[in-house]
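Structure at a glance
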Amino acid sequence: MELPVVNHPDYVAKINDDNKFPIKKFGALAEYLINKNIVKKFYIPKECSVDTLKTSHSIKYIENIKNKTLDIKLQKKIGFPINDSVVRRSFVATGGTVLASKLAMDFKLACNTAGGSHHATYDFGAGYCVFNDVAVAANYLKNKKYAKNILIIDLDVHQGNGNSEIFKNDKDVLTFSMHCTSNYPAKKSLSDIDIELRDNMEDKEYINILKKNITVLNQYKFDAVFYVAGVDVHFNDRLGKLKLTDEGVNLRDQIVIENFFSKKIPLCGVLGGGYNKEFKKLVELHSLLHKNCAKML
Ligand SMILES: [Zn+2]
């Protein structure tokens, strides 16, 4: 069976070239997945509806994005200009994770080629995250009764503070974040489980900590899992402070995906962050998520 992967050309928003965010990676990743025969054809998402978005965001915030009326200070907090293209991208990438989550329920595994905007919270965005796609999709699965007990396993180098904020009073969604202590955000939120890592941690220690925690997570019962597979844990990342090698990132993805797949728990994989100094490497690292999922099917 072929891995269902969701992609839309509009994931590549038009922003100034001097913006530090490597927005072109979404297009390059889609191309890479096709060229390497990991994916033959993408599922095309629709824009996420306001009804679906408002399960996780305030109407005021959604409208400020939709109408491009967001205060300039709040735009700066996000790091993207709120222009037509960024607005379109924010709605369609969130729709992408919602679609991928539905596909995961049907096929046990599915991925988006974007998503993991884990710094966005109820009434504001931050750190290159406009809408919290994973939170929206998790609430979607719950409201549609496709799943009740949901895990968000977030291995991006930065804490998934938006997820923990949105679900802090929700006992059905367990937020797990394993991140570097000294990385953004300076003020951490409280996830159900936070694992803080010291600077410069290498493969072996990281993988050992991950394995121990997977054992802990396996004591719970989940109907669905969201995996935020940020590759900013790589040693050559501009923003991360850990020292994982290519093999380390690959092994990490493999461990997570195999664990839940072997237990027949549907897993929806999303990209998370990645700011590698080498663009080609960045795309290759992001593709490990899809490659390791495809291998299972
Ligand atoms: Zn990150």
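What comes next is a walk through the structure.

1. Remarks on the overall build of the protein chain
- Assigned secondary structure in the protein chain consists of 10 helices and seven strands.
- The C-alpha radius of gyration of the protein chain comes to 17 Å, within 12% of the 19 Å expected for a compact globule of 297 residues.
- Its C-alpha atoms put the protein chain at 45 × 40 × 40 Å along the principal axes.
- For the protein chain, the proportion of its 297 residues judged to be buried stands at 50%.

2. Examining the nonpolar core
- Formed by 84 residues in total, the largest nonpolar core has its most connected members in Ala137, Ala138, Ile150, Ile152, Val225 and Phe226.
- In terms of residue count, helix 5 (residues 84-107) provides more of this core than any other element does, eight residues in total.
- Residues contacting Phe226, with those up to four places away along its chain left out, are Val134, Ala137, Ala138, Ile152, Cys268 and Val270.

3. Topic: the environment of Arg89
- Summarising the element assignment, Arg89 is placed in helix 5.
- In this structure the C-alpha to C-alpha distance between Arg89 and Val130, which are 41 residues apart in sequence, comes to 9.5 Å.

4. A word on the environment of Met296
- For Met296, the position within the fold is in helix 10 (residues 279-296).
- Separated by 38 residues in the primary sequence, Met296 and Glu258 place their C-alpha atoms 7.5 Å from one another.
- For Met296, the residues in contact, after removing those within four places along its chain, are Leu109, Ile257 and Phe261.

5. Examining unusual backbone geometry
- The linkage connecting Tyr184 with the following residue, Pro185, adopts the cis geometry, with an omega of -5°.
- For Pro185, the position within the fold is in the loop between strand 4 (173-180) and strand 5 (193-197).
- At Lys68, a residue that is not glycine, the phi angle is positive and equals roughly 55°.
- Looking at where Lys68 falls in the secondary structure, it is placed in the loop between helix 3 (59-66) and helix 4 (72-78).

6. Here we look at the pairing of strand 6 (residues 224-228)
- Across the five residues of strand 6, five count as buried, placing the element largely inside the fold.
- Alternating residues of strand 6 divide into Ala224, Phe226 and Val228 and Val225 and Tyr227, and every residue in both groups is buried.
- With five bridges joining them, strand 3 (residues 150-154) and strand 6 adopt parallel strand pairing. Directly across from Ile152, in strand 6, lies its bridge partner Phe226.
- Both strand 6 and strand 7 (residues 267-270) contribute to a ladder of four bridges, which runs parallel. Bridging across to strand 7, Val228 finds its partner in Val270.

7. A word on helix 9 (residues 246-262)
- Look at helix 9: 24 Å from first C-alpha to last across 17 residues, which is about the 24 Å you get at 1.5 Å a residue.
- Turning to helix 9, its buried residues number three or more, namely Gly248, Val249, Arg252, Asp253, Val256, Ile257 and Phe260. Buried residues of helix 9, viewed axially, fall in a sector of 155°; they line one side. Facing away from the buried side of helix 9 by over 90 degrees, the exposed positions are Glu247 and Ser262.
- Check the buried side of helix 9 and you find it contacts strand 3, helix 8 (203-217), strand 6, strand 7 and helix 10.
- Lys264 sits one or two residues past helix 9 and shows a positive phi near 60°.

8. Section: the packing of helix 8 against helix 9
- Packing of helix 8 against helix 9 brings their axes to within 10 Å, and their N-to-C directions diverge by 10°. Relative to helix 9, helix 8 is oriented roughly parallel. Taking contact as the criterion, the partners of Asp203, Tyr206, Ile207, Leu210, Lys211 and Ile214 in helix 8 are, on helix 9, Glu247, Gly248, Leu251, Arg252, Ile255 and Asn259.
- The residue makeup of the contact of helix 8 with helix 9, split by class, is six nonpolar, two polar and four charged.

Cut-offs used in this document
Residues numbered from 1 in each chain as written. Predicted model: local features only at pLDDT ≥ 70, side-chain atom pairs only at ≥ 80, totals over all residues. Helix = DSSP H or I, 4+ residues; strand = E, 2+ residues; numbered from the N terminus. Rg over C-alpha atoms; globule rule 2.2 N^0.38 Å. Buried ≥ 20, exposed ≤ 12 C-beta atoms within 10 Å, placed from the backbone. Core = buried A, V, L, I, M, F, W, Y, C linked by C-beta atoms within 7 Å. Contact = placed C-beta atoms within 7 Å. Pairing = 2+ DSSP bridges. Expected span 1.5 Å × (residues − 1). Arc of directions from axis to C-beta. Axes fitted to C-alpha atoms, helices over the stretch in contact; angles between N-to-C directions. Parallel < 35°, antiparallel > 145°, perpendicular 65-115°, else oblique. Nonpolar A, V, L, I, M, F, W, Y, C, P; charged D, E, K, R; others polar.

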